[in-house]
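Examining the three-dimensional arrangement
Given next are the chains, with one letter for each unit.
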Amino acid sequence: MTAHPPIPTRVVLLTGPSGAGKTRLAARSGLPVLRLDDFYKEAGDPTLPLVAGSRDVDWDSPASWDADTAVAAIAELCRSGRTRVPVYDISVSARVGEESFDIERTPLFIAEGIFAADIVERVRELGVLADALCLRGRPTTTFRRRLARDLKEGRKSVPFLLRRGWRLMRTERAVVARQTALGAHPCGKEEALGRLASAAAGRCVQARGARRSSAPDPA
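To keep things clear, this report deals only with the structure shown in the data block. (Residues numbered from 1 in each chain as written. Predicted model: local features only at pLDDT ≥ 70, side-chain atom pairs only at ≥ 80, totals over all residues. Heavy atoms only, no water.)

Comments concerning the overall build of the chain
Rules: What counts as a helix is a DSSP run of H or I of at least four residues, what counts as a strand is a run of E of at least two, and both are numbered from the N terminus. Exposure categories follow from relative accessible area, calculated using a 1.4 Å probe and restricted to protein chains: below 20% of the type maximum is buried, above 50% is exposed, and the middle band is partly exposed. Two residues qualify as a contact provided that any one of their heavy atoms is within 4.5 Å of a heavy atom in the partner residue.
Across its full length, the chain carries six helices and seven strands. Counting from the amino terminus, helix and strand elements in the chain follow one another as β-α-β-α-β-β-β-α-β-α-α-β-α. Counting every position in the chain, which comprises 219 residues, the buried fraction comes to 44%. Within the chain, contacts between residues at least 6 apart in sequence are counted, and of these 77% link residues at least 24 apart.

Structure follows, in structure tokens:
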């Protein structure tokens, strides 16, 4: 008897404007979810960008995020099924710990966050990309959802959240256009769920096929 090869694991990158409903959609999928927001840089990092004309850190710029560590975590999950990830507290803009993230033998998982589109090409080059989705909706709806969430969670001060929310509402269509240009497919939640289901079914079929092809020939 020959040993079965490991099930090939792939990732769906899920992005979209802040407040678009990515976290809720990812939870509905039933797949393991890697939170890419936990890979933010920490307050005080000299490489953090500022909002033009202010002293506010621009947490919506990819330069505020540690893409290298996020890509390394995705690669390790696809290779071994587990990795160590930071625990990030947005209210204090700092990593407050580290934890193990284990997807066991699941052949598909989601990596979700506003900067997921920025690593589409890098993940594709690793050969582990199943799909890349950009969740979009109405900017006014996104504004209300984002503000309610951020106030409830106490993410930042109220004046900061209002300034950020107004700025993001005005630029939301440009954000979606940029994420689309980086390789993420723009869609609503129902289409996104359908594509996630198709990706999951496709990975499972491939995994079963790999197991069948590895089985020894009958004597």
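Here's the deal with the pattern of salt bridges
Our working definition: Salt bridges are defined by distance alone: a side-chain nitrogen of Lys or Arg within 4 Å of a carboxyl oxygen of Asp or Glu.
This model, assessed by the stated rule, comprises 10 salt bridges. Across the pair Arg124 and Glu121 runs a salt bridge, and its minimum N-O distance is 2.9 Å. Of this pair, Arg124 and Glu121 both sit in helix α3 (residues 120–126), separated by three residues, roughly a single helical turn. The class of Glu121 is partly exposed, set by a relative accessible area of 43%. Within the structure, one salt-bridge network assembled from shared partners comprises Arg35, Asp38 and Glu99.

Let's talk about the sheet that holds strand β7 (residues 185–187)
Threshold: Any two strands are treated as partners once DSSP identifies two or more bridges connecting them. In this analysis an axis means a line fitted to C-alpha atoms, helices contributing only their contacting stretch, and an angle means the value between N-to-C directions, from 0 to 180 degrees.
Here we have five strands laid out as an open sheet, ordered β2-β5-β1-β6-β7, and parallel in their pairing. Each edge of the sheet is formed by a strand with only one pairing partner; in this case those strands are β2 (33–35) and β7. Ignoring strand direction, the axes of neighbouring strands in this sheet form an average angle of 25°. Two elements, strand β1 (residues 10–15) and strand β5 (residues 108–112), share five bridges in a ladder whose sense is parallel. Residue pairing for β5: Leu13 is matched across the bridge by Ala111.

A look at the environment of Glu98
To keep it simple, the criterion reads: Pairs of N or O atoms within 3.5 Å make up the polar contacts considered here, provided that, within protein, one atom can donate a hydrogen while the other can accept it, and that residues adjacent in sequence are counted only when both atoms are side-chain atoms.
For Glu98, the location among the structural elements is in strand β4 (residues 94–102). Taking the relative accessible area as the measure of exposure, Glu98 reaches 52% and is therefore exposed. Separated by 60 residues in the primary sequence, Glu98 and Asp38 place their C-alpha atoms 9.8 Å from one another. In this structure, Glu98 is in contact with Arg84, Val85, Pro86 and Val87, ignoring residues within four places of it in sequence. Polar side-chain contacts of Glu98 include one of 3.3 Å to the side chain of Arg84.

Details of the packing of aromatic side chains
Using the following cut-off: For Phe, Tyr and Trp, where Trp contributes only its six-membered ring, two rings pair if their centres lie within 6.5 Å, and the inter-plane angle classes them as stacked under 30 degrees, edge-to-face over 60, or tilted in between.
Per the counting criterion, the structure on display carries four aromatic pairs. Ring geometry for Tyr40 against Trp59: centres 5.6 Å apart, planes inclined by 85°, an arrangement best described as edge-to-face. With a gap of 19 residues between them, Tyr40 in the loop between β2 and α2 (67–80) and Trp59 in the loop between β2 and α2 connect regions that are remote in the sequence. With a centroid separation of 5.8 Å and 40° between ring planes, the pair formed by Tyr40 and Tyr88 is classed as tilted. With Tyr40 in the loop between β2 and α2 and Tyr88 in strand β3 (residues 82–89), this pair connects stretches of sequence that are 48 residues apart. An identical accessibility class is assigned to Tyr40 and Tyr88; each is buried. The rings of Tyr40, Trp59, Trp65, Tyr88 and Phe115 are connected pair by pair, giving a single aromatic cluster.

Quick notes on helix α1 (residues 22–29)
Here is the rule we go by: It is the directions from the helix axis to the C-beta atoms whose arc is reported.
Restricting attention to buried positions, one finds in α1 the residues Lys22, Leu25 and Ala26. Taken end-on, α1 shows its buried residues confined to a sector of 100°, consistent with a single buried face. Along α1, exposed side chains directed more than 90 degrees from the buried face belong to Thr23, Arg24, Ala27 and Arg28. Immediately beyond the C-terminal end of α1, within one or two residues, lies Gly30, with a positive phi of roughly 80°.

Considerations on the pairing of β3
Bridge analysis of β3 against β4 gives eight bridges, and the strand direction is antiparallel. Counterpart to Arg82 in the pairing with β4 is Asp102. Linking β3 to β4, which pair antiparallel, is a turn of four residues; within it Ser93 sits at a positive phi near 55°.

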